[in-house]
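Secondary and tertiary structure notes
Next come the chains, spelled out residue by residue.
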Amino acid sequence: MRSIKLSRVIVTLFMGVAGILFIMPFLWMLSASFKPELDVMKYPIQWIPAKWNMVENYKQVWAGAVPFTLYYWNSAKVTLMSTALSLTISAMAAYGFSKIVFKGRDSLFIVVLATFMIPTQAILVPQFIMYRWLGLFDSHIGLVLLAASGVLGTFLLRQFFLGIHDEIIESARIDAAGHWTIFSRIALPLVQPALATYMILRFIWTWNDYQNPLIFLRSDSLFTLQLGIRKFADFSGEFYSLMMAGAVSAILPLLIIFIIGQKQVIEGVAMGSVKG
């Protein structure tokens, strides 16, 4: 019994130290964004600034020469639209592959799953040519459509839909419920933790995406935040306090959405771990 308690203490201490090490770069970034430029590189590190310059730093980021607010809005618009569309398509596809019986269903699912193994870089040229032909190049709609297909989301949600007992589906069909009613009113509420998990993952992936905006956007007014930070670095690359203020502003939505949805994520992981 003592050995078990001792091992738990050791594991807890190890995880605590590891957690502190992982969070230290973020704390330094936050601290640097509050400091005057001359204090950023002082050694030893002043975690609590001796002199605060927070208002001026963030004012330079949000109201400076680079239209940071516009880039922020572009990223928010593209990310929210992409997340909503990808979540809808993935959920509908997952329900179809798990609860609707049709000829060739499993073979088609294997084909869809196999596309996940194709590197995105391998299809960039065909995508670029197709988008130019369809008139979707240099538009936010094009970026949203690029993120709409979520093979990982389809696979993840399908595993949870398979956990719904077929008796529930059959009971709804006896009551004359169609597939849309069953999907929207019965299946979706039962897999909310999985939906929240995929929503957060898709939001983070799209918000942090640098490759697709770099290739498929040309107009400065359409740039997302990742391209905006690159442009901001060209203007303020020598001022680390401003760079850190921009970086903190960029990751703030990710922290907020994770804090809001972390309970659902934990429930989703727990449900997946006891499945079967």
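Basis of the calculations
- Residues numbered from 1 in each chain as written.
- Predicted model: local features only at pLDDT ≥ 70, side-chain atom pairs only at ≥ 80, totals over all residues.
- Heavy atoms only, no water.
- UniProt positions renumbered as here; feature names shortened; annotations may be inferred.
- Helix = DSSP H or I, 4+ residues; strand = E, 2+ residues; numbered from the N terminus.
- Salt bridge = Lys/Arg side-chain N within 4 Å of Asp/Glu carboxyl O.
- Buried < 20%, exposed > 50% of the residue type's maximum accessible area, 1.4 Å probe, protein only.
- Phe/Tyr/Trp six-rings, centres within 6.5 Å; stacked < 30°, edge-to-face > 60°.
- Lys NZ or Arg CZ within 6 Å of the ring centre and 35° of its normal.
- Core = buried A, V, L, I, M, F, W, Y, C linked by side-chain atoms within 4.5 Å.
- Contact = heavy atoms within 4.5 Å.
- Polar contact = N/O pair within 3.5 Å; in protein donor to acceptor, adjacent residues only side chain to side chain.
- Axes fitted to C-alpha atoms, helices over the stretch in contact; angles between N-to-C directions.
- Parallel < 35°, antiparallel > 145°, perpendicular 65-115°, else oblique.
- Left-handed = near helix turned anticlockwise from the far one by under 90°.
- Nonpolar A, V, L, I, M, F, W, Y, C, P; charged D, E, K, R; others polar.

1. Some thoughts on the UniProt feature "transmembrane region" (unreviewed entry) in the protein
- Per the UniProt record, "transmembrane region" (unreviewed entry) is annotated on residues 9-30, 78-97, 109-129, 141-161, 182-205 and 239-261.
- End C-alpha atoms of residues 109-129 are separated by 27 Å, and the span's content is 57% helix alongside 0% strand.
- Between the C-alpha atoms that bound residues 239-261 there is a distance of 34 Å. The span itself is 96% helix and 0% strand.

2. Re the pattern of salt bridges
- Evaluation of the coordinates by the stated rule reveals 4 salt bridges.
- Among the ionic pairs, Lys-99 bridges to Asp-166, the shortest N-O distance being 2.9 Å. In this pair, Lys-99 is assigned in helix α3 (residues 68-99) and Asp-166 in helix α8 (residues 166-174), connecting sequence segments 67 residues apart.
- Looking at Asp-166, the relative accessible area reads 47%, which means it is partly exposed.
- Across the pair Arg-105 and Asp-106 runs a salt bridge, and its minimum N-O distance is 3.5 Å.

3. Details of the packing of aromatic side chains
- Under the defined criterion, the tally for this structure stands at 17 aromatic pairs.
- Taking the centre distance of 5.1 Å and the plane angle of 75° together, the rings of Phe-128 and Phe-137 count as edge-to-face.
- Plain terms: the ring middles of Phe-161 and Phe-183 are 6.4 Å apart, the flat faces sit at 45° to each other, and that makes the pair tilted. On the criterion of sequence distance, the pair formed by Phe-161 in helix α7 (residues 151-162) and Phe-183 in helix α9 (residues 179-190) is long-range, its members being 22 residues apart. Here Phe-161 and Phe-183 have matching classes, each one buried.
- Directly above the aromatic system of Phe-137 lies the positively charged group of Arg-132, at a separation of 5.1 Å from the ring centroid.
- Above the plane of the ring of Phe-109 lies Arg-158, whose end atom (NZ or CZ) is 4.2 Å from the centre.

4. Overview of the nonpolar core
- Formed by 37 residues in total, the largest nonpolar core has its most connected members in Leu-143, Trp-207, Phe-216, Leu-225 and Phe-232.
- Breaking this core down by element, the ones donating at least two residues are α1 (2-33), α2 (54-62), α3, α5 (124-134), α6 (140-146), α10 (192-207), α12 (225-236) and α13 (240-273).
- Per-element tally for this core: the top contributor is α13, with 8 residues.
- Sequence-distant contacts of Leu-143, defined by excluding residues within four places in its chain, comprise Val-78, Ser-82, Asn-212, Pro-213, Phe-216, Leu-217 and Thr-224.
- Ala-91, Ala-94, Phe-161 and Ala-194 belong to the second largest nonpolar core, which has 17 residues in total.

5. Regarding unusual backbone geometry
- The backbone of Asp-138 sits at a positive phi, close to 60°, despite the residue not being glycine.
- The residue Asp-138 is located in the loop between α5 and α6 in this model.
- Residue classification places Asp-138 among the partly exposed positions, given a relative accessible area of 21%.

6. Observations regarding the environment of Asp-209
- Structurally, Asp-209 can be placed in the loop between α10 and α11 (211-216).
- Taking C-alpha positions, Asp-209 is 21 Å from Ile-259, a pair spaced 50 residues apart along the chain.
- Within the local environment of Asp-209, its side chain forms a polar contact with the backbone nitrogen of Gln-211, the two atoms lying 3.3 Å apart.

7. A look at the packing of α3 against α10
- At a minimum axis distance of 9 Å, the contact between α3 and α10 shows a crossing angle of 140°. With respect to α10, the axis of α3 lies oblique. For the crossing formed where α3 meets α10, the hand is right-handed. On the side of α3, the interface is formed by Tyr-72, Ser-75, Ala-76, Val-78, Thr-79, Leu-80, Ser-82, Thr-83, Ser-86, Leu-87, Ser-90 and Ala-91, while α10 contributes Leu-195, Tyr-198, Met-199, Arg-202, Phe-203, Thr-206 and Trp-207.
- Looking at the contact of α3 with α10 residue by residue, the classes come out as 11 nonpolar, 7 polar and 1 charged.

8. Digging into the side chain of Ser-139
- Here Ser-139 lies in the loop between α5 and α6.
- Among the polar contacts listed, one links the side chain of Ser-139 to the backbone nitrogen of Gly-142, at a separation of 3.3 Å.
- If we ignore the near neighbours within four places in the chain, the residues touching Ser-139 are Phe-216, Leu-217 and Leu-222.

9. Re the environment of Arg-158
- Here Arg-158 is to be found in helix α7.
- Note: C-alpha distance between Arg-158 and Ala-91 (67 residues apart in sequence) is 7.9 Å.
- Among residues more than four places away in sequence, those in contact with Arg-158 are Ala-94, Phe-97, Ser-98, Asp-106 and Phe-109.
- A distance of 3.3 Å separates a polar atom in the side chain of Arg-158 from a polar atom in the side chain of Gln-159.

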